Amino acid sequence: MQEISRGIIQKASEGDANAFEVIYKEYFGFVSHVARRIINSREDAEDIIQEVFINIYHSLKRFRFESSLKTWIYRITVNKAINYAKKLSRHHHQPMEYAETFIPETPSEIDHKINENFSENALTVLLDALNPDQRACIVLRSIEGLRYKEIAEVLKIPVNTVRSRIKRARETMLALRKRVVKDEM
Amino acid sequence: MKCEQIQELLLTDYLDGQLDGEGLKSIEQHLSDCPGCREFLAVARKITVEPFYSSKKVFLSQEDVWHRIKQQIEKEHSQPSLSHRLAEMILGLKELVPKPAWALSIMVAGVILTAVYFNSWNRQEMVQTASSEDNGQYIAYFTDDVGSGQPEDNGGYGTAIEEYFL
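Computed from a prediction, not measured in an experiment: that's the story for all the values here. Residue positions are given per chain, counting from 1 as you read along its sequence in written order. As they are written, the chains are lettered A onward and the ligands numbered 1 onward, keeping that order. Local features in a predicted model are, by the rule used here, given only for residues with pLDDT of at least 70; side-chain atom pairs are given and counted only at 80 or more, and totals for whole chains, interfaces and linings are based on all residues.

Draft legend 1. Geometry of the overall build of chain B. For helices the rule is a DSSP run of H or I covering at least 4 residues; for strands it is a run of E covering at least 2, with both sets numbered from the N terminus onward. Looking only at helices and strands, chain B has seven helices and zero strands in total. We call a residue exposed when 12 or fewer other C-beta atoms sit within 10 Å of its C-beta, buried when the count reaches 20 or more, and partly exposed for counts in between; the C-beta positions come from the backbone. Classification of the 166 residues of chain B by burial places 8% in the buried group.

Laid out in structure tokens, this is it:
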């Protein structure tokens, strides 16, 4: 991913739709991927992506180049997705709405999903076991490959908080696996 | 370090390649001596990290979403909604707030300083007037006093100079 030039950002901030489209095309991949992984519902993720880019379009006037555009867009995306996921979990009293679709009912089914060559569904099961804050850290680290320091910068939290969220997230994943093994024995 | 501390690091910094130098060396030394921690690392890697290696990028339709965004932008440009205009106005005011506040504070400070200056100047003048009146009275009193102390029949102090002028 390349950094967009100041000229393009300036033009987009003045309302130039073509310049804004350059920014959109550059960051759509990241924004859509992260939103989809944190929210895990196609329609909801599309709404969030639209909100993220409209927000960026309106806020570009106030972008002060204090952080890179990439970090700034990461921050808007992750915060929107986390807030949306938290709102969903409050309304549904469950970790995520999509849990009903993807989490299998019996431990053996969970185990099957985890073992089936680390398939897409296994990934969904693992991510669904996490709270939105932990999920965001895992998505940024294990899928997007950001370093702890970069995640801390995106989320505006201390590096130790990133470390502790990742630790708890992985402990949760291990506990899920242990539960499966224990129930099968 | 105890196995518990080592396993915390294995689960985070070690698996994520965040360690280097002495930290990395001591972990690897421990791993070579501790079968329990080696097993923990193997399980942790398999369950918590490897599933993400093969994760597919879940891209959505770039064109569809752009179409929706562009429509919304064009709609806002042609008919800015009341809430949008209000938001823009508030944001505009927010940007402006420091300037008038600064100008107002400078004006207020100027007025206060001027008032304080004139007030002190007036007081000084009054003090000066009063003191010059007092001085005049004092001098008059002094001269009177001096004059009253002089013997009426004596034309002077009787010095040689006085006598010379007289």
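Draft legend 2. Here's a closer look at the packing of helix α2 (residues 17-39) of chain A against helix α4 (residues 62-78) of chain B. Between α2(A) and α4(B), whose axes approach to 11 Å, the crossing angle comes to 145 degrees. α2(A) and α4(B) meet at a crossing whose hand is right-handed. Along the contact surface, α2(A) presents A17(A), E21(A), Y24(A) and F28(A), while α4(B) presents Q62(B), W66(B), I69(B), K70(B) and I73(B). Classification convention: Asp, Glu, Lys, Arg as charged; Ala, Val, Leu, Ile, Met, Phe, Trp, Tyr, Cys, Pro as nonpolar; all other residues, Gly among them, as polar. When grouped by side-chain class, the residues that make up the contact of α2(A) with α4(B) number six nonpolar, one polar and two charged. Note on geometry: axes are C-alpha line fits, over the in-contact stretch for helices, and angles between N-to-C directions span 0 to 180 degrees. Crossings are classed by handedness, with left-handed meaning an anticlockwise turn of the near helix from the far one by less than a right angle and right-handed meaning a clockwise turn. For every residue pair, C-beta atoms are placed from the backbone, and the pair is scored as a contact if these atoms sit within 7 Å.

Draft legend 3. View of the packing of α2(A) against helix α3 (residues 42-59) of chain A. Residue and element names in this part refer to chain A. Packing of α2 against α3 brings their axes to within 9 Å, and their N-to-C directions diverge by 140 degrees. Between α2 and α3, the interaxial angle falls into the category oblique. Here α2 runs over α3; the crossing is right-handed. On α3, the residues that touch F20, Y24, V31, S32, A35, R36 and I39 of α2 are D44, A45, I48, I49, V52, F53 and Y57. Residues of the contact of α2 with α3, tallied by class, amount to eleven nonpolar, one polar and two charged. The scheme is simple: roughly parallel for angles under 35 degrees, roughly antiparallel for over 145, roughly perpendicular for 65 to 115, oblique for anything else.

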